[in-house]
Amino acid sequence: MLTVDRRTFVKASAMAAAAAAASGSNSAFALTVLNNQPEGSPLKWQKAPCRFCGTGCHVMVGTENGRVVAIQGDQKAEVNKGLLCVKGYHVGLALYGKDRLTTPLLRKDGKMVPISWDEAIETVAKRIMANPKGFSFYGSGQWTIPEGYAANKFVKAGLGTNLIDANPRLCMSSAVTGFLSTFGVDEPPGVYDDIDKCDVAIMWGNNMAEMHPVLFSRLVDRRSRGETVTIIDMTTRRTRTSDLADHVLYFKPHGDLAIANGIAHLMVKSDKYDREFVAKHCNFRKLGPKPDEKTAPDMLGVPMTFEEFAAAVEPYTPERVEELSGVPAEKIRMLGELFMRRDIRINSFWCMGFNQHTRGTAINCIVHGIHLMSGHFGKPGDAATSLTGQPSACGTAREVGTLCHLLPGGLAIANPEHRKLAEGHWNVPEGRISSKIGYHAVELFKRFNTPTDQGGDVTTVWVQVTNPGQTIPNLHRNFRQKKDLADKFLIVSDVYPTATTELADLILPSAMWVEKNGMYGNSERRTQQWFKMVEPPGDARDDAWQTIAVSHKMMELGDSGMKDKDGKWLFHTADQAGKEVPIWEWQHYYDLNVDERLFNEYRVFSRHKHKDLAPYEEYVKARGLRWPVVQQPDGSWRETRWRFSEFDDPYVAKGKGFQFYHSVSKDDKALIWFRPHENPPEMPDAEFPFWLCTGRVLEHWHTGTMTRRIPQLHRAMPKAYVEMNREDAAKLGIRTNEVVTVKSRRGEIDLPAWIGGRGDPKPGEVFVPFFDEGKLINLVTLDEYDPYSKQPDYKKCAVTIVRKG
Amino acid sequence: MPEDPNLSRRDLLRGRLFGRLVQSAAKSVQRFEAAVSSAALAQESPTDGKPRSATGVGRRFALPIHRPPGAVDEVTFLTGCTRCNECISACPVGAIVHAPARFREAAGTPMIDLHTSACVMCEDTPCIAACKPGVLSADQPRKMGVAWVQTMACLAHAGSFCTVCSERCPVPGAIDVVAGRPSIRADVCTGCGVCASVCPAPTNAIVVMPLADRPATSAMQESQ
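Residues numbered from 1 in each chain as written. Chains lettered and ligands numbered in written order. Predicted model: local features only at pLDDT ≥ 70, side-chain atom pairs only at ≥ 80, totals over all residues.

Participant: Describe the overall build of chain B, naming the residues involved and giving the relevant values.
Facilitator: Scanning chain B from terminus to terminus reveals ten helices and six strands. The contacts of chain B with a sequence gap of at least 6 include a subset with a gap of at least 24, amounting to 68%. (Helix = DSSP H or I, 4+ residues; strand = E, 2+ residues; numbered from the N terminus. Contact = placed C-beta atoms within 7 Å.)

See the structure below:
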């Protein structure tokens, strides 16, 4: 069956390449639509954002006889203009792995036994009601916006706890704290248009060619059109990005803070920073004193003068930075001089290299700082761009606030005013939303894996759309101990068996991607929408429905929290005639568009922090819109590309030029932070002499649960490996494909070595991708995290490499 | 791109496109012929009405067969091979299979089926070691064919990123990557097919053509 479909698939995915060849252009983006199906063909094309990464490419999905049979890049999408990466071309096949979960399964006497949905929903409801304060939701940046909103409302308005977190904690939260500390409000001021306009692109530990390939295509494609763009790759290992860079600067792991401070030092020293911009729009900041030994100082810091700032960066001379980072002093000077030039546009990019960092907030802040100081901010091409890894890390986790400290629309649990606002929107009694911040991802799983009588107060976790059994750092300690703890209960909603379902007590089969309605929000604040196109297999059902059905069941069983203050159910949904639609019953879930109802309810929150979203129907028409989307006098809706810049952002007062209207210092100014370089918590030593860095590969997305089931991608990248430097390998006598043990203080795994392969680490460093569930590198990684963002550092820990036998 | 409903990827890999390519754009054929010997193509239609193979003994329009490494010329191979299956069982990756019935007189002889597995170019060539009649011979070049990147189907050539073929190629220097775009050096490529088997492009971007005119070894010729 699969082969027949695949053949149709291959034929119908009229790949952009053909058009490029036909048009005779070197540009990957000079393409025409290849939608040349014969008239009367049953093939139906509809738009959807790609299921995989945070770039937010749009694809056209071709369906025939209830199956997805074709995919092509969407010409109308501004993000990708018809191009896709290798994963995107195969995204449709992610639905058709042979082992889709199709029925609820409950662990009975150690075995997973099929049960009915009624029993499953009741089991979850009763389990939560038995101990609501021991229940935590754990979701992801792949939750659609309405799914995340339903889960967030269920926990914060329904249960009155804040025990919900999501995997963007492992992925984006240092970017969030960086934006909050600098601008007072989350998410990038710039957009992808900056990629098309910049003269210099700086990759800060960012392998864009593999992780955001379509964006990198968009950048290097400019060269084929005769434009000049200088790419500077700052990296710890040679990657595919380095191959196309003009300058490759290798730095020692953790050396990024020194480099960024070195640039600030040079600007201050030479007095060539943008005085006017700084005087009008910026304040200087540093961390305050530590409240006590164990507590980190407040994230919002204390003011400092320019003179104090200058003194603080004084030690970061190019020579000192060379010592700390390994980058030659002359290259630091080159960077400094680029930032001092006013005639060029500079776009910095980063992703996990900055965010998965025990000093993640600090490095995010410093790079925003050097962009502000140099005035390379807020003009097309002048931007500091943080890229996300998941399709809706921004749209769902950050904007809907499915994290333990947030409420929808960028409101904060810690702020009593914000809680009051949210209680008003949700029409729940005052005080329903708890002021107590919940547990962040690592803490949540630590507690879930600690005996209940020893402080492990999380007893039930419901995981949706993610795979913590593979991604939580230090898995032995933080995930696998649950197995021996009889009173812990793990509920997992997923589409395939994973490293997480392996330990689940209840598995709920989910619908995925175009098997349901959905909305995502990508890295450039673009909110996207799609409709359900095919039915999910077997008894698989929408994640949002699962949450809603459990909520209704709890209300039936007498839980008063699931009602608002007028006694109405939290997810009460009525048709146009005002008659209630029983959306908790699956057969009625699609009687109306629940996504639309949830989104329009959530939209109200988006106003408070000027993250305005348009009504649902606007997103139906568009290939995504970038917020704030503000209604014009003529009734149309206009998206905003450059936030805080008067020429584009409608919220900036006339004549201001720039206005940081959520400023931390309450004076419309952004903050330029001083944060010192400090050593990481674990560094190589005699016993564990190598730095271990983990990451992704082009062919697989995250834990590979989808992409490893796509034959083409699996064949192209079948298993994990350990990349080693040639000199190190020669010293140890290791050859490519020889299986070696990678061992840390926390765990070990065996991996084949790859020397001189796709990436090439510097001596003393090794790299292992994390997609392979047969080779769980997170058994080895360290669970230390940034004190502000609580994001773990997957990029740096000490390991040793041992030859087998 | 032109789609022929009668052609599948399997056909493509087994060379069924070969004839069609001749009729297609002249430029690509020239380059193709430079890479592959044109012996099979140049074969004129037989005038005596008898079936005739590329090597002169078989039938009309016969295709070159993708033989395991070290295979001697086709005539010697067909007469010498005892169909003992030793090479088939020696192959560690199962790349060698029996030629199916449609290969007529060659049916049952060993061939590489890229649809099953590519030859991985074992350093110790267990297939050659296992061949008792010596039609797989260590004295022969280990060239089975030649691969060709169809740039219009290749992701890297289309402006996306992909480097899988060059990374996984077992023959050093056979795939050059310039500005991220692969091309195959026909003189170095052995036609093992690893690149084609790992190519993740929606339409496989690599065609592997079996070699049509393998040299005969002097040892074999003398024994005849």
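Participant: Hey, could you go over the overall build of chain A for me, with residue numbers and the actual values?
Facilitator: In terms of helices and strands, chain A carries 28 helices and 33 strands. Its C-alpha radius of gyration of 25 Å places chain A within 12% of the 28 Å reference for a compact globule of 805 residues. With respect to the three principal axes, the spread of C-alpha positions in chain A is 70 × 70 × 65 Å. For chain A, with 805 residues in total, the buried portion stands at 60%. Of the contacts made within chain A by residues no fewer than 6 positions apart, 71% connect residues no fewer than 24 positions apart. (Rg over C-alpha atoms; globule rule 2.2 N^0.38 Å. Buried ≥ 20, exposed ≤ 12 C-beta atoms within 10 Å, placed from the backbone.)

Participant: I'd like to hear about the sheet that holds strand β12 (residues 282-286) of chain A, residue by residue, with values.
Facilitator: Residue and element names in this part refer to chain A. Reading across the sheet, the three strands line up as β13-β12-β26 and stay open at both edges, with mixed pairing between neighbours. Two strands lie at the open edges of the sheet, namely β13 (302-304) and β26 (670-673), each paired on one side alone. Mean inter-strand twist for the sheet, computed between neighbouring axes without regard to direction, equals 55°. Sheet topology places β12 next to β26; four bridges connect them, and they run parallel. Residue pairing for β26: Phe-284 is matched across the bridge by Ile-672. (Pairing = 2+ DSSP bridges. Axes fitted to C-alpha atoms, helices over the stretch in contact; angles between N-to-C directions.)

Participant: Could you give an account of the pairing of strand β21 (residues 518-521) of chain A, naming the residues involved and the relevant values?
Facilitator: All names here are of chain A. Burial along β21 is two-sided: the residues Gly-518 and Tyr-520 and Met-519 and Gly-521 are all buried. Relative to strand β22 (residues 526-530), β21 runs antiparallel, the two being bridged by four bridges. What sits directly across from Gly-518, in β22, is Trp-530. Remark: four residues form the turn of the hairpin made by β21 and β22, two consecutive strands paired antiparallel; Arg-525 in that turn has positive phi of roughly 65°.

Participant: Quick rundown of the nonpolar core? Include the residues and the values.
Facilitator: Counting 291 residues, the largest nonpolar core has A:Ile491, A:Leu692, A:Val722, A:Val742, A:Val766, B:Cys195 and B:Ile206 as the members making the most contacts within it. With nine residues, the top contributor of residues to this core is helix α11 (residues 256-270) of chain A. Those residues in contact with B:Cys195, other than ones at most four positions away along the chain, are B:Ala147, B:Cys165, B:Arg168, B:Cys169, B:Ile175 and B:Ile206. (Core = buried A, V, L, I, M, F, W, Y, C linked by C-beta atoms within 7 Å.)

Participant: Could you give an account of helix α20 (residues 441-448) of chain A, with specific residues and numbers?
Facilitator: Residues and elements named next belong to chain A. When you tally the buried positions in α20, you get seven out of eight residues, the bulk of the element. When we look at burial in α20, the residues that qualify are Ala-441, Val-442, Leu-444, Phe-445, Lys-446, Arg-447 and Phe-448. Against β6 (135-139), β7 (164-166), β18 (460-464), α21 (468-471) and α22 (475-478) lie the buried residues of α20.

Participant: Run through the packing of helix α6 (residues 173-183) of chain A against helix α17 (residues 360-373) of chain A, naming residues and quoting values.
Facilitator: Residue and element names in this part refer to chain A. For the pair α6 and α17, interaxial distance at closest approach is 8 Å and the crossing angle is 50°. When the axes of α6 and α17 are compared, the pair comes out oblique. When you trace α6 past α17, the crossing you get is right-handed. The segment α6 lies against α17, with Ser-174, Ala-175, Thr-177, Gly-178, Ser-181 and Thr-182 engaging Gly-360, Thr-361, Asn-364, Cys-365 and His-368. (Parallel < 35°, antiparallel > 145°, perpendicular 65-115°, else oblique. Left-handed = near helix turned anticlockwise from the far one by under 90°.)

Participant: Help me get a handle on the confidence of the model for chain A, residues and values and all.
Facilitator: All names here are of chain A. Summing up the model confidence of chain A, the mean pLDDT is 93 and the portion of residues at 70 or higher is 95%. Here residues 1-26 is modelled with pLDDT under 50, and outside its nearest four sequence neighbours on either side it reaches 58 contacts, counting other chains as well. When the criterion is pLDDT under 50, residues 29-34 qualifies, and its contacts beyond four places in sequence or with other chains add up to 19 contacts. (pLDDT = per-residue confidence, 0-100.)

Participant: So what about the domain arrangement of chain A? Which residues, and what values?
Facilitator: Residue and element names in this part refer to chain A. The domain architecture assigned to chain A consists of domain 1 (2-96), domain 2 (132-171 + 392-605), domain 3 (173-387) and domain 4 (690-781). With seven residues of domain 1 at the contact, the number on the domain 4 side is nine residues. Residues belonging to the side of domain 1 that touches domain 4 are distributed by class as follows: five nonpolar, one polar and one charged. (Domains from an automatic or database assignment. Nonpolar A, V, L, I, M, F, W, Y, C, P; charged D, E, K, R; others polar.)

Participant: Tell me about the packing of helix α5 (residues 145-159) of chain A against helix α18 (residues 393-401) of chain A, residues and numbers included.
Facilitator: Residue and element names in this part refer to chain A. Between α5 and α18, the least distance of the axes is 8 Å, while the angle of their chain directions is 35°. The two elements α5 and α18 cross, and the hand of that crossing is right-handed. Contacts between α5 and α18 pair Ile-145, Gly-148, Tyr-149 and Asn-152 from the former with Gly-395, Thr-396, Ala-397, Val-400 and Gly-401 from the latter. In terms of residue class, the contact of α5 with α18 is built from four nonpolar, five polar and no charged.

Participant: Explain the sheet that holds strand β9 (residues 230-235) of chain A to me, and be specific about the residues and the numbers.
Facilitator: Residue and element names in this part refer to chain A. Read from one edge to the other, the open sheet built from five strands follows the order β11-β9-β8-β14-β15, with strand pairing classed as parallel. Unpaired on one side and paired on the other, β11 (247-250) and β15 (383-386) mark the two borders of the sheet. Each neighbouring strand pair of the sheet contributes to a mean axis angle of 15°, computed without reference to strand direction.

Participant: Explain unusual backbone geometry residue by residue, including any values.
Facilitator: Following A:Trp627, the chain continues to A:Pro628 via a peptide bond in cis, the omega torsion being -5°. Even without a glycine there, the phi angle at A:Trp513 is positive, about 45°. With respect to the helices and strands, the residue A:Trp513 is situated in the loop between β20 (506-509) and β21. You will see that B:Arg83, though not glycine, has its phi angle at about 55°, which is positive. One can find B:Arg83 in the loop between α5 (74-80) and α6 (86-90). Classification of B:Arg83 as partly exposed rests on a count of 13 C-beta atoms within 10 Å.

Participant: Explain the pairing of strand β6 (residues 206-210) of chain B to me, using residue names and the numbers behind them.
Facilitator: Taken residue by residue, a regular strand's side chains alternate between the two faces of the sheet. All names here are of chain B. In terms of burial, β6 is a largely internal element, five of the five residues being buried. Across the two faces of β6 the burial is the same, with Ile-206, Val-208 and Pro-210 and Val-207 and Met-209 all buried. Pairing of strand β3 (residues 145-149) with β6 involves five bridges; the strand directions are antiparallel. Counterpart to Ala-147 in the pairing with β6 is Val-208.

Participant: Requested: an account of the environment of A:Asp772, with residues and values cited.
Facilitator: All names here are of chain A. One can find Asp-772 in the loop between β32 (765-769) and β33 (797-803). Classification of Asp-772 by C-beta neighbours within 10 Å gives buried; the count is 22. Taking the C-alpha atoms as reference points, Asp-772 and Leu-421, 351 residues apart in sequence, are found 44 Å from one another. When residues no more than four places from it in sequence are discounted, the contact partners of Asp-772 are Gly-704, Lys-719 and Ala-720.

Participant: Lay out the confidence of the model for chain B in plain terms, naming residues and giving numbers.
Facilitator: Residues and elements named next belong to chain B. Confidence along chain B averages 76 in pLDDT terms, with 69% of residues attaining 70 or more. Predicted confidence for residues 1-61 stays below pLDDT 50, and this span has 68 contacts to residues more than four positions away or in other chains. A low-confidence stretch, residues 220-224 stays under pLDDT 50, and its non-local contacts, those more than four residues away or across chains, total three contacts. Complex prediction metrics read pTM 0.88 and ipTM 0.86.

Participant: Describe the environment of A:Leu180, naming the residues involved and giving the relevant values.
Facilitator: Residue and element names in this part refer to chain A. Structurally, Leu-180 can be placed in helix α6. Here Leu-180 falls in the buried class, since 23 other C-beta atoms lie within 10 Å of it. Taking C-alpha positions, Leu-180 is 8.9 Å from Ser-663, a pair spaced 483 residues apart along the chain.

Participant: Outline helix α25 (residues 594-603) of chain A, supporting the account with residue identities and numerical values.
Facilitator: Residues and elements named next belong to chain A. Of the residues making up α25, those classed as buried are Val-594, Asp-595, Leu-598, Phe-599, Tyr-602 and Arg-603. Along the axis of α25, the buried residues cluster in a sector spanning 165°; they form a single face. Against the buried residues of α25 lie α5, α18, β21, α23 (543-556), α24 (586-589) and α26 (616-621). (Arc of directions from axis to C-beta.)

Participant: Could you give an account of the environment of A:Thr452, with specific residues and numbers?
Facilitator: Residues and elements named next belong to chain A. Secondary-structure assignment places Thr-452 in the loop between α20 and β18. The sequence separation of Thr-452 and Lys-488 amounts to 36 residues, and the corresponding C-alpha distance is 8.3 Å. Ignoring anything within four residues of it in the chain, the contact list for Thr-452 reads Asp-457, Thr-459 and Asp-487.

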